[in-house]
Amino acid sequence: MFTLAEVASLSDIQPTYRILKPWWDVFMDYLAVVMLMVAIFAGTMQLTKDQVVCLPVLQSTVNSKAQPDTAGKADFTTVETTTGQEEASVRTVSFAPVTVTPDILQSRATSSQYQPTESDQELKKEQKDSSGRKTNLDFQQYVFINQMCYHLALPWYSKYFPYLVLIHTIILIVSSNFWFKYPKTCSKIEHFVSILGKCFESPWTTKALSETACEDSEENKQRLTGAQSLPKYVSTSSDEGSPSASTPMITKSGFKFSADKPMIEIPSVTILDKKDGEQAKALFEKVRKFRAHVEDSDLIYKLYVGQTVIKTVKFIFILCYTANFVNTISFEHICNPKVEHLIGYTQFECTHNMAYMLKKLLISYISLICVYGFICLYTLFWLFRIPLKEYSFEKVREESSFSDIPDVKNDFAFLLHMVDQYDQLYSKRFGVFLSEVSENKLRGISLNHEWTYEKLRQHVSRNAQDKQELHLFMLSGVPDAVFDLTDLDVLKLELIPEAKITAKISQMTNLQELHLYHCPAKVEQTAFSFLRDHLRCLHVKFTDVAEIPAWVYLLKTLRELYLIGNLNSENNKMIGLESLRELRHLKILHVKSNLTKIPPNITDVAPHLTKLVIHNDGTKLVVLNSLKKMTNVAELELQNCELERIPHAIFSLSNLQELDLKSNSIRTIEEIISFQHLKRLTCLKLWHNKIVSIPSSITHIKNLESLYLSNNKLETLPAAVFSLQKLRCLDVSYNSIAVIPVEIGLLQNLQHFHITGNKVDVLPKQLFKCVKLRTLSLGQNCITSIPDKVSQLLQLTYLELKGNCLDRLPATLGQCQLLRKSGLVVEDHLFDTLPSEVKEVLNQDTGIPFANGI
C-alpha cells in the first residue's frame, strides 16, 4: 500500500512555478489532496475492517407462544430443528394443565422413578429456545456464506468506492499540472519563470522603479510642502521626454515627513556596480529572445484551456453517476447465494458494518467534487471573459517613465496574466526589461562606468593632419566623459546605434570634424546649436539614406560633407538630399555611392561648391548634365563610374583646375582638345583606364602641370606631351612603353617622373637635363645601365631602380647631394657595388641637407 506522501507527490511542482498558480489552482490542489485523503482513509478502513455478517432465513417456522387463558391454562411449545439427509423436522411437544390428585401424585412419583432425565432435557431445550433458534451451521459455513454474500449482495460501488475516488483524484491532479510537465510547454515555462525571477530580483529593476517613484514624489513634494525646490536630477534630454543615461538612480525611500513639520530628505544617488550592470544587460537580451520565441505560438494557452475543460467534464461525469449510488449503500442486504446444496438455506439476511461510514465519506466526496467543479466553471469563465492572448502594460506605462513598454501577445501574454493572479508586481518589474528606454539608460550607466575620462584619454591619437582624434567603435552609446575632452579636434563614432550628443558637447571648443559611421546620432537642441556654429567637416556613412540624421541638413556653417552609402534606392528617390540647399557654406561634397546620375539636388549647393567627388561602386554614371551648373567647381573627381569617354559637360566648367577620371573604361581621349577652354586646368588624372594613345591635341592644355596616365595601355609617348612646358609631374607607370623620347629634355620644370612597370631598356641622356627632378621612378623595366650623368640631378631625393637588369650602380650617385639610402630603392647586392665613400655619403643623416634642398 502506498503512502499519502507518495500519492501527493503526483501534484508536486517546482516551488518557482507557484507564481503561475492562481488562487483557483491552489484551491483545487488542496481539494485534490483532501479527496486523496478520503480515498486513502476509505481504502484503509475497507481493507482492515470491512466485512459482512449473514444469518439464514428459516424456510418454515412454528412460533407458538404460551398464552394464559381464563382457566389458568398454559401452552409451552418447543421447536426442535434437526438436520439430516437434507431435510428438517419439527417436533412439537404440548403440555396441558391438569388437576393434581393424590392418585396422580402417586402415579407421578412412580413414573418419575423411570423418566428422570426426559424432563430435564425438555427444560434445557426450553431454556435454549428462549435465547435463539438453532441453525445447525458450523463456523466454516458462516465464513463461507459471509464471503459469498459480500460479493453477491453488496452493490459494486460500496466495494470499489475508495479506488474510484483515488483514480478520479489522480486524473484531476494530472490534469491540473499537465502543462507543467508537457515537454513543449515545460521548457518555455521553466525559461519564463527563471527570467521572471531574475528580473524581479535584479538591482536594476529596483533602481529603475525607485527612480520613477522618486520622480513622482518630487512632483508631490512641491504640492505638499511648498518648500524650495530640490535640485533636479534629470537631464535636459529632448529624446521623447526620457531621462538621459547619466541620470542618477534615486532610492525609493527618498522623502521622509515628520509630524511637526514637513521635512524633505534629498534622495540618495545609487550607483549600479559593474557586475549588476552586466547581469542586467544579459537579462535584456534573454527577455528579447524569449519574447521572440514565445510570442509565435499559443500552445500554453490552448493546453491550459484544454486541461480545464477536461476537469470540468470530469466533474460533471463524476457528479452524475456518483449521486445515483448514494442510496444504494445500506446496512442491511438480502442475499440469495444459490448454495443450498452446501448450506441448506436459500436466503440470508446480511449486514454491512462499513455502510454508514462509506455513506458519510461518499457524501463528503460529492461535496468536495461540487466545490471543485464550481471552481472549474469559474476558471473557464475567467479564461473566456477577457482576451488572455493579449497583454497590455498600459498601467505600468502610466505609473513609470518607461512609456515605450510594448504590449505582448499569445503565450507570453497568457503567462503574464497568470502571474498577475499571483502578484502584479512581477509583471511590473518584468516590464522594465521590455523597455528600450530602460535598456538605453542601463547601457548609459554601464558605459560611463567603463569608459572613464582617463580611459578615453588613452585612446586619443594624432592623425595625419596632426590633429587630436578619438575613434569610438561599437559601443552602446557615447560616454559622457567624451565631452570632457575639450581639446579634441576630430571625433569618430562608428556602429553606435544609440548615440546621443548632449549639451555638454559645447565644452569641446576645438571640435571641428565629426564622423558618423552607421551611427544615426540624436542631438539635443543646445548641442545642435553648438554644432551648427562650430562644425566644419562631417563624414556620414550609412546603408540607407533614411539613416542620415535630419539635423545634418541644417548645419549652415558646414564646409565639408562626406556621404558614403546607398543613394540609388528606388524607395528613397533621393528625398534625403533635398535639404542640401540649407548648407550655404558647403565647399566640398564627397559622395561615395552607386549613382546612375548626378542628383539634381546637388546643384542647390552649386553656387558655392568648389570640390565635387563622386566615387561609384562600378555603377555606370549616365546622366551628367547637371554638372554644367557647377561653374565654380575647381576640383572634380568621377571615379569608378564606368565612363567610356570624357563627359562633355565637363568642358563647361570654366573654373575647373583639377579633373580626376580614375578607374573608368575610357579608351580614347580625342575630346581632350576641348580642354583648351579650361584655362585654369592644371591637373589631369586619367589613370586606371584603357587609353591606348595620347592625341597630339594635348598641347592645347597650356597650363597643365600634372598628368597622370598610369595603368593604361600606352605603347608610346608622343612628342606633344613634352611641349607642355609647365608640366611638373608626369606619371606613365604600368603601361607598355618601350622608349623614352629624347624630347623629354624639354621639360625643364619636371620634378616627378614615374615610368615604373614598362619596357624601357635605355635611358636617354636628355632625361638628365631635367635638373629639377626630385622623384625618378624607373623600377620594373629592362634597363641595363644607369648613365653617369645622373649626377646632374642635384635635387633628386627619390630614385627607384629595383626590378631592372643592372649589374652595377654608377659611382656618380654620390654627387646627388639630397639622395640618401632611404630614398634609393635598389637591390642590396647592387648597393654593395658602390664605392665605400659613396655608400658613406648615402648613409649620412638626411636632416639638414634634405631640409635645405626642400
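Keep in mind that what you see is a predicted model, and the values were worked out from it rather than measured. (Residues numbered from 1 in each chain as written. Predicted model: local features only at pLDDT ≥ 70, side-chain atom pairs only at ≥ 80, totals over all residues. Heavy atoms only, no water.)

Asks: Where do I start with the overall build of the chain in this structure?
Replies: A count of helical and extended segments in the chain gives 21 helices and 28 strands. Counting across all 854 residues of the chain, residues that qualify as buried make up 46%. Partitioning the contacts of the chain with sequence separation of at least 6, the portion at a separation of at least 24 is 55%. (Helix = DSSP H or I, 4+ residues; strand = E, 2+ residues; numbered from the N terminus. Buried < 20%, exposed > 50% of the residue type's maximum accessible area, 1.4 Å probe, protein only. Contact = heavy atoms within 4.5 Å.)

Asks: Explain the state of the cysteines to me, please; I cannot follow it from the model alone.
Replies: Chemically, a disulfide is nothing more than a covalent bond linking the sulfur atoms of two cysteines. Scanning all chains against the criterion turns up two disulfides. For Cys149, the disulfide goes to Cys335, at an S-S distance of 2.2 Å. What sets the handedness of the Cys149 and Cys335 disulfide is the S-S torsion sign, and at about -90 degrees it is left-handed. Taken together, the residues Cys149 in helix H5 (residues 139-152) and Cys335 in strand E6 (residues 332-335) connect sequence positions 186 residues apart. Across the pair, Cys335 and Cys149 agree in class, each one buried. (Disulfide = S-S within 2.5 Å.)

Asks: Is there a simple way to think about the pattern of salt bridges in this case?
Replies: A side chain with one charge can pair with a side chain of the opposite charge if their charged atoms come near. For the structure shown, the criterion picks out 18 salt bridges. The closest approach of N and O atoms between Arg457 and Asp487, which form a salt bridge, is 3.1 Å. Here Arg457, found in helix H17 (residues 453-458), pairs with Asp487, found in the loop between strand E11 (468-473) and strand E12 (490-494); they are 30 residues apart in sequence, far enough to count as distant. Looking at Asp487, the relative accessible area reads 26%, which means it is partly exposed. (Salt bridge = Lys/Arg side-chain N within 4 Å of Asp/Glu carboxyl O.)

Asks: Please clarify how the sheet that holds E6 should be interpreted in this entry.
Replies: The pairing of strands in a sheet comes from backbone hydrogen bonds and takes either a parallel or an antiparallel form. Ordered by their spatial adjacency, three strands build an open sheet running E1-E7-E6, and the pairing between neighbours is antiparallel. In this open sheet, the two strands that pair with only one neighbour each are strand E1 (52-56) and E6. Adjacent strand axes in the sheet meet at a mean angle of 25 degrees when their direction is disregarded. As defined by bridge partners, E6 adjoins strand E7 (residues 348-352) across four bridges and the pair is classed as antiparallel. Residue pairing in the sheet places Glu332 in a bridge with Thr351 of E7. The strands that H5 touches are E1, E6 and E7; relative to E1, the one it contacts most, it runs at about 115 degrees. (Pairing = 2+ DSSP bridges. Axes fitted to C-alpha atoms, helices over the stretch in contact; angles between N-to-C directions.)

Asks: Before we go on, may I ask you to explain the nonpolar core in this structure?
Replies: Among soluble globular proteins, nonpolar side chains are generally buried collectively. Counting 132 residues, the largest nonpolar core has Phe675 and Phe753 as the members making the most contacts within it. Top element by residues in this core is helix H18 (residues 525-534). It accounts for four residues. The residues contacting Phe753, other than those within four sequence positions of it, are Leu730, Val732, Ile740, Ile744, Leu767, Leu773, Thr775, Leu776 and Ser777. Of all hydrophobic cores here, the second largest spans 84 residues; its members include Leu164, Phe180, Ala280 and Tyr426. (Core = buried A, V, L, I, M, F, W, Y, C linked by side-chain atoms within 4.5 Å.)

Asks: Just to check I follow, could you spell out the packing of aromatic side chains for this structure?
Replies: What describes a pair of aromatic rings is the distance from one ring centre to the other and the angle between the planes of the rings. In total, this model carries 30 aromatic pairs according to the counting rule given. Geometrically, the ring pair formed by Trp156 and Tyr157 is edge-to-face, given 5.6 Å between the ring centres and 85 degrees between the ring planes. Arranged with centres 5.6 Å apart and planes meeting at 85 degrees, the rings of Phe412 and Phe430 form a pair that is edge-to-face. Highlighted residues: Phe412 in helix H14 (residues 410-422) and Phe430 in helix H15 (residues 424-432), separated in sequence by 18 residues. Among the residues examined, Phe412 registers a relative accessible area of 0% and is labelled buried. Here the aromatic cluster, defined as three or more aromatic residues joined through ring pairs, consists of Trp156, Tyr157, Phe161, Phe317, Tyr321 and Tyr365. (Phe/Tyr/Trp six-rings, centres within 6.5 Å; stacked < 30°, edge-to-face > 60°.)

Asks: Hey, could you run me through the packing of helix H2 (residues 23-49) against helix H12 (residues 355-385) in this one?
Replies: Between H2 and H12, the least distance of the axes is 10 Å, while the angle of their chain directions is 160 degrees. By the criterion of interaxial angle, the relationship of H2 to H12 is roughly antiparallel. In this structure, H2 crosses over H12, and the sense of that crossing is left-handed. Between H2 and H12, the residues in contact are Trp23, Trp24, Phe27, Met28, Leu31, Val34, Met35, Val38, Phe41 and Ala42 and Met357, Leu361, Tyr365, Leu368, Ile369, Val371, Tyr372, Ile375, Cys376, Tyr378, Thr379 and Trp382, respectively. (Parallel < 35°, antiparallel > 145°, perpendicular 65-115°, else oblique. Left-handed = near helix turned anticlockwise from the far one by under 90°.)

Asks: Looking at this structure, I do not really get the packing of helix H7 (residues 183-201) against helix H10 (residues 299-322). What am I missing?
Replies: For any two helices packed against each other, the geometry comes down to the angle between their axes and how far apart the axes lie. As a packed pair, H7 and H10 sit with axes 10 Å apart at the nearest point and diverge in direction by 115 degrees. The two elements H7 and H10 cross, and the hand of that crossing is left-handed. Between H7 and H10, the contacting residues are Lys184, Thr185, Lys188 and Ile189 on the first element and Leu299, Ile300 and Leu303 on the second. Grouping the amino acids of the contact of H7 with H10 by side-chain chemistry returns four nonpolar, one polar and two charged. (Nonpolar A, V, L, I, M, F, W, Y, C, P; charged D, E, K, R; others polar.)

Asks: Explain the confidence of the model for the chain here, please?
Replies: For residues with low pLDDT, the predicted coordinates do not support detailed interpretation. Scored by pLDDT, the chain comes out at a mean of 79, with 79% of its residues at no less than 70. Scored below 50 in pLDDT, residues 216-270 shows 94 contacts in the model against residues more than four places distant or in partner chains. (pLDDT = per-residue confidence, 0-100.)

Asks: Hey, could you run me through the side chain of Glu295 in this one?
Replies: Structurally, the position occupied by Glu295 is in the loop between helix H9 (274-294) and H10. Take Glu295: its relative accessible area is 12%, and that puts it in the buried class. With residues up to four places along the chain from it excluded, the contact list for Glu295 reads Asp407, Val408, Lys409, Asn410 and Phe412.

Asks: What exactly am I supposed to notice about H15 here?
Replies: All of the buried residues in H15 are Tyr426, Ser427, Arg429, Phe430, Gly431 and Val432. At the N-terminal end of H15, a side-chain oxygen is found 3.1 Å from the backbone nitrogen of Leu425, two or three residues along, and the residue is Asp423. (Polar contact = N/O pair within 3.5 Å; in protein donor to acceptor, adjacent residues only side chain to side chain.)

Asks: Hey, could you run me through the environment of Ile300 in this one?
Replies: Mapping Ile300 onto the fold places it in helix H10. Placed 118 residues apart in sequence, Ile300 and Tyr182 show a C-alpha to C-alpha distance of 9.6 Å. With residues near it in sequence (within four places) discarded, Ile300 still touches Trp179, Thr185, Lys188, Ile189, Asp411, Phe414 and Leu415.

Asks: Looking at this structure, I do not really get unusual backbone geometry. What am I missing?
Replies: The phi torsion of most residues other than glycine is negative, and most of the peptide bonds are trans. In this model, Ser663 sits at a positive phi of 55 degrees, which is unusual for a non-glycine residue. With relative accessibility at 26%, the residue Ser663 sits in the partly exposed group. One non-glycine residue, Gln780, adopts positive backbone phi at about 55 degrees. Relative to the helices and strands, Gln780 resides in the loop between strand E26 (775-777) and strand E27 (798-800).

Asks: What should I look at first to understand the pairing of E11 in this one?
Replies: When a strand is regular, its side chains alternate between the sheet's two faces. Two elements, strand E10 (residues 461-462) and E11, share two bridges in a ladder whose sense is antiparallel. Across the sheet, the residue bridging to Ser461 is Glu469, located in E11. What sits between the antiparallel neighbours E10 and E11 is a turn of five residues, in which Asp466 has the positive phi angle 60 degrees. Bridging between E11 and E12 involves five bridges; their strand directions are parallel. The partner of Glu469 across the bridge, within E12, is Val490.

Asks: Even after reading the chapter, I still don't get the environment of Thr543, so can you show me in this structure?
Replies: For Thr543, the location among the structural elements is in strand E16 (residues 537-544). Exposure remark for Thr543: the relative accessible area of 48% places this residue in the partly exposed category. Residues Thr543 and His518 lie 25 residues apart in sequence; the distance between their C-alpha atoms is 7.3 Å. Residues contacting Thr543, with those up to four places away along its chain left out, are His518 and Asn566.

Asks: Looking at this model, I keep getting lost on a nonpolar patch on the surface. Mind explaining?
Replies: The grouping of Trp23, Val26, Phe27, Tyr30, Val371, Tyr378 and Phe381 at the surface amounts to a nonpolar patch, some 690 Å² of accessible area in total. Elements with a contribution of two residues or more to the nonpolar patch: H2 and H12. Top contributing element to the nonpolar patch by residue count: H2, with four residues. Secondary-structure assignment places Trp23 in helix H2. (Patch = residues over 30% accessible without salt bridge, like charges linked within 9 Å, V, L, I, M, F, W, Y side chains within 5 Å. Areas by Shrake-Rupley, 256 points an atom, 1.4 Å probe, with all protein chains shown as cover.)

Asks: What is the right way to look at the environment of Glu800 in this model?
Replies: Along the chain, Glu800 turns up in strand E27. Take Glu800: its relative accessible area is 14%, and that puts it in the buried class. On a C-alpha basis, the gap between Glu800 and Leu824 in space is 6.0 Å, while along the polypeptide they are 24 residues apart. The contacts of Glu800, once residues within four sequence positions are left out, are Thr756, Leu776, Ser777, Leu778, Gly779 and Val825.

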